[in-house]
Number of protein chains: 2
Amino acid sequence: MTAGGSTPDRDLPIAEMGVVQSAGSSSPIPEATLARLPVYMRSLVEMADEGISTVSSRQLADLAGVNAAKVRKDLSHLGAHGKRGVGYDVDRLLAEIGGALGGSLTPVVIVGAGNLGRALSRYDGFMAGGFPVVAVVDSDRSLEGREISGVSITHVDHMDGVVRATGSRLGIVATPAHAAQEAVDRLVAAGLRSILNFAPAVVSVPPGVQLRKVDLATELQILGYYEHVRTSSEAPEQAVG
Amino acid sequence: MTAGGSTPDRDLPIAEMGVVQSAGSSSPIPEATLARLPVYMRSLVEMADEGISTVSSRQLADLAGVNAAKVRKDLSHLGAHGKRGVGYDVDRLLAEIGGALGGSLTPVVIVGAGNLGRALSRYDGFMAGGFPVVAVVDSDRSLEGREISGVSITHVDHMDGVVRATGSRLGIVATPAHAAQEAVDRLVAAGLRSILNFAPAVVSVPPGVQLRKVDLATELQILGYYEHVRTSSEAPEQAVG
DNA sequence: ATGCGCTTGTGCGCTCGATCACAGGTCACC
DNA sequence: GGTGACCTGTGATCGAGCGCACAAGCGCAT
């Protein structure tokens, strides 16, 4: 592929991060499906709690706010076999989704004990989802030793030891933008391969490391755009009286 | 359901929410582009601070971590005209992106003063991005009057008045899952048309209301999947020494 | 036992976004 | 003034995901 010296507009390579290839063992679940599985899971847990044992794609679709065909196609990726004319077994479905997503507990380390870091450390949803926060590190030595919901803050210089001692497998970056790249680098150096970045900064990771981004300000700006468009187009009609 | 006799798999209608149609006045910027504009903006601000006055699509692409062609196509949606052979004028580009995204300040109201709500209220990135948090409401009366970074908490029953008094245009839902739908309903009733939901729940809104979702637990579960896949495929080689 | 209604699983066409490649325009330098 | 290096804007191609529609399967009522 254009090996020689041509390539007019070649741009930067950019480590592909669409779908992790890894050793394709069992299931290459598409990203879009992956993002919906947790939503299905929550609905299924509720149903299980209510004693419901069977669910149709349509019911699940309503609860999850998506299309029924999409639900079926999503579940087909799990090798989940529902019964035609009946539906899916709630418990079995829960087990299958749970199995696909990793099942057991996955410990998390959070970098940055500022507003956001502290809030995330205390966020019940993580623990409930099987992601206990087992470590919090920060670059501020004055925070060292302070406790957040049972976890004491460690200095970032000791990250390697903390990650090893706690068995952390997922890293969350909740630092200011200017510290994000270093935080990520340190997490990678400590052996982590999956990182969630909350800092409003573009960071790069070596190939093989999964990096996802949650950009709070950007989300608001997107909403702001629609709000802006709406008000702009409504303004002319506003002054009626 | 299944009222009529036809429509084999008709499923629910689901209020379209792909691209807001509104009165298509000036620019139907695609979602994907929209999500990148704030990233470009941050890079451009940095460049402007450094006194750089011109930028090529390639440079901007490097800073934003994307493809140069994508940058050009994105910017073309703004009617942004760079000079061939030269690049884009940084200041002008900033003005154009800012204009497209809404420009001026857009006040935000946050529902839910728990861990997450408080953290978001204090999040500098919002203010910096032009989204000052002007109101925080909660259903817990014991929090009433307490201050968070200059804003005092109001009871949710007074939401209408607070929204009107503060001129809030964007709503953020940071409640527990079970309270999310009601929070959204109240925001809509108060006249807001753009809502960002942090609660891990599926909520529905009437047509014409923009609803975006940030699902923290889901993000972790997606990472957990990749981590799971990776470790599963590496496990066989693990037991050596 | 048999028919009928309900539900799954999936092939198909469509839309959207990403990337490539190139023609057209601009500037600097000689 | 001419030439070459550089950069933008965009048409074309490609792939992913979505929704539809339907054939195949299952269970209940009779």
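The structure reproduced in this document is the subject of the present report. All figures in this text were calculated on a predicted structure; none of them were measured in a lab.

**Points about the protein's contact with DNA strand C**
Phase 1: Taken together, 26 residues sit near DNA strand C, with A:S57, A:Y88, B:K70, B:K73 and B:R84 positioned nearest.
Phase 2: Those atoms of DNA strand C that come within 4 Å of the protein belong to sugar or phosphate at a rate of 63%.
Phase 3: Between a phosphate oxygen of DNA strand C and a side-chain N or O atom of A:S57, the distance comes to 2.6 Å.
Phase 4: A:R72 is positioned such that a nitrogen or oxygen atom in its side chain is 2.9 Å from a base nitrogen of DNA strand C.
Phase 5: Every element with two or more residues in the surface near DNA strand C is listed here: α3 (68-76) of chain A together with α1 (31-49) and α3 (68-76) of chain B.
Phase 6: Partitioned by chemical class, the residues of the surface near DNA strand C number six nonpolar, eight polar and 12 charged.

**A short note on the protein's contact with DNA strand D**
Phase 1: Close to DNA strand D lie 28 residues; A:K70, A:K73, A:R84, B:S57 and B:Y88 are nearest.
Phase 2: Expressed as a percentage, the sugar and phosphate content of the atoms of DNA strand D within 4 Å of the protein is 64%.
Phase 3: The separation between a phosphate oxygen of DNA strand D and a polar side-chain atom of A:N67 is 3.2 Å.
Phase 4: Interatomic distance of 3.5 Å between a side-chain N/O atom of A:R72 and a base nitrogen of DNA strand D.
Phase 5: Looking at the surface near DNA strand D, the elements with two or more residues in it are α1 (31-49) and α3 of chain A together with α3 of chain B.
Phase 6: Ranked by residues supplied to the surface near DNA strand D, first place goes to α3(A) with four residues.
Phase 7: The residue inventory of the surface near DNA strand D, partitioned by class, reads eight nonpolar, eight polar and 12 charged.

**Description of the relation of the copies chain B and chain A**
Phase 1: For the pair chain B and chain A, the relating rotation is 180 degrees, the translation along its axis is 0.0 Å, and the fit reaches an RMSD of 0.0 Å. The relationship between the two copies is best expressed as a two-fold rotation axis. Closest approach to the rotation axis among the C-alpha atoms of chain B is made by B:A119, whose C-alpha sits 3.0 Å away.

**Comments concerning helix α2 (residues 57-64) of chain B**
Working note: α-helix, 3.6 residues per turn, so residues spaced by three or four point in the same direction.
All names here are of chain B.
Phase 1: Along α2, the residues that are buried comprise S57, L60, A61 and A64. The buried residues of α2 occupy an angular sector of 105 degrees when the element is viewed end-on, so they sit on one face.
Phase 2: Next to the buried residues of α2 lie α1, β1 (54-55), α3, β2 (88-89) and α4 (90-101).
Phase 3: In the segment just after α2, G65 is the residue with positive phi, at about 70 degrees.

**Side note on unusual backbone geometry**
Phase 1: Notably, A:S149 is not glycine yet its phi reads approximately 40 degrees, a positive angle.
Phase 2: Turning to its location among the elements, A:S149 is positioned in the loop between β5 (147-148) and β6 (151-155).

**Looking at the sheet that holds strand β8 (residues 194-197) of chain A**
Residues and elements named next belong to chain A.
Phase 1: The sheet built from seven strands is open, its strands ordered β5-β6-β4-β3-β7-β8-β9 with mixed pairing. Strand pairing shows two members of the sheet lacking a second neighbour, β5 and β9 (210-213), which therefore form its edges.
Phase 2: Examined bridge by bridge, strand β4 (residues 133-138) and β6 share three bridges and lie parallel to one another. Bridge assignment links D138 to a residue of β6, and that residue is H155.
Phase 3: Packed on one face of the sheet, helix α7 (residues 159-166) meets β3 (108-111), β4 and β6 and runs near 175 degrees to β4.

**Re the sheet that holds strand β5 (residues 147-148) of chain B**
Residue and element names in this part refer to chain B.
Phase 1: Taken in spatial order, the seven strands make up an open sheet running β5-β6-β4-β3-β7-β8-β9, and their pairing is mixed. Both outer strands of the open sheet, β5 and β9 (210-213), are each paired with one neighbouring strand and no more.
Phase 2: As paired elements, strand β8 (residues 194-197) and β9 share four bridges and run parallel to each other. Paired with L196 across the bridge in β9 is R212.
Phase 3: Taken strand by strand, helix α7 (residues 159-166) contacts β3 (108-111), β4 (133-138) and β6 (151-155), and its axis lies near 175 degrees from that of β4.

**What to know about the environment of B:G167**
Residues and elements named next belong to chain B.
Phase 1: Take G167: it is sitting in the loop between α7 and β7 (170-173).
Phase 2: Residue classification places G167 among the partly exposed residues on the basis of a relative accessible area of 33%.
Phase 3: The sequence separation of G167 and V134 amounts to 33 residues, and the corresponding C-alpha distance is 8.5 Å.

**As for the interface of chain B and chain A**
Phase 1: Contact residues are listed per partner, giving 78 residues for chain B and 77 residues for chain A.
Phase 2: For the pair chain B and chain A, the two sides together bury roughly 7100 Å², of which 61% comes from carbon and sulfur.
Phase 3: Summed over the shared surface of chain B and chain A, the result is six salt bridges.
Phase 4: One salt bridge in this structure joins B:D215 and A:R42, with 2.7 Å as the shortest N-O distance.
Phase 5: Where chain B packs against chain A, one counts 24 residue pairs in polar contact (both at pLDDT 80 or more).
Phase 6: Ranked by residue count, the leading element in the side of chain B that touches chain A is helix α9 (residues 216-234) of chain B, at 17 residues.
Phase 7: Tallied by class, the residues present in the side of chain B that touches chain A amount to 43 nonpolar, 19 polar and 16 charged.

Calculation criteria
- Residues numbered from 1 in each chain as written.
- Chains lettered and ligands numbered in written order.
- Predicted model: local features only at pLDDT ≥ 70, side-chain atom pairs only at ≥ 80, totals over all residues.
- Heavy atoms only, no water.
- Near = heavy atom within 4 Å.
- Polar contact = N/O pair within 3.5 Å; in protein donor to acceptor, adjacent residues only side chain to side chain.
- Helix = DSSP H or I, 4+ residues; strand = E, 2+ residues; numbered from the N terminus.
- Nonpolar A, V, L, I, M, F, W, Y, C, P; charged D, E, K, R; others polar.
- Least-squares fit on C-alpha atoms with pLDDT ≥ 70 in both.
- Buried < 20%, exposed > 50% of the residue type's maximum accessible area, 1.4 Å probe, protein only.
- Arc of directions from axis to C-beta.
- Contact = heavy atoms within 4.5 Å.
- Pairing = 2+ DSSP bridges.
- Axes fitted to C-alpha atoms, helices over the stretch in contact; angles between N-to-C directions.
- Buried area = accessible area lost by both parts, 1.4 Å probe.
- Salt bridge = Lys/Arg side-chain N within 4 Å of Asp/Glu carboxyl O.

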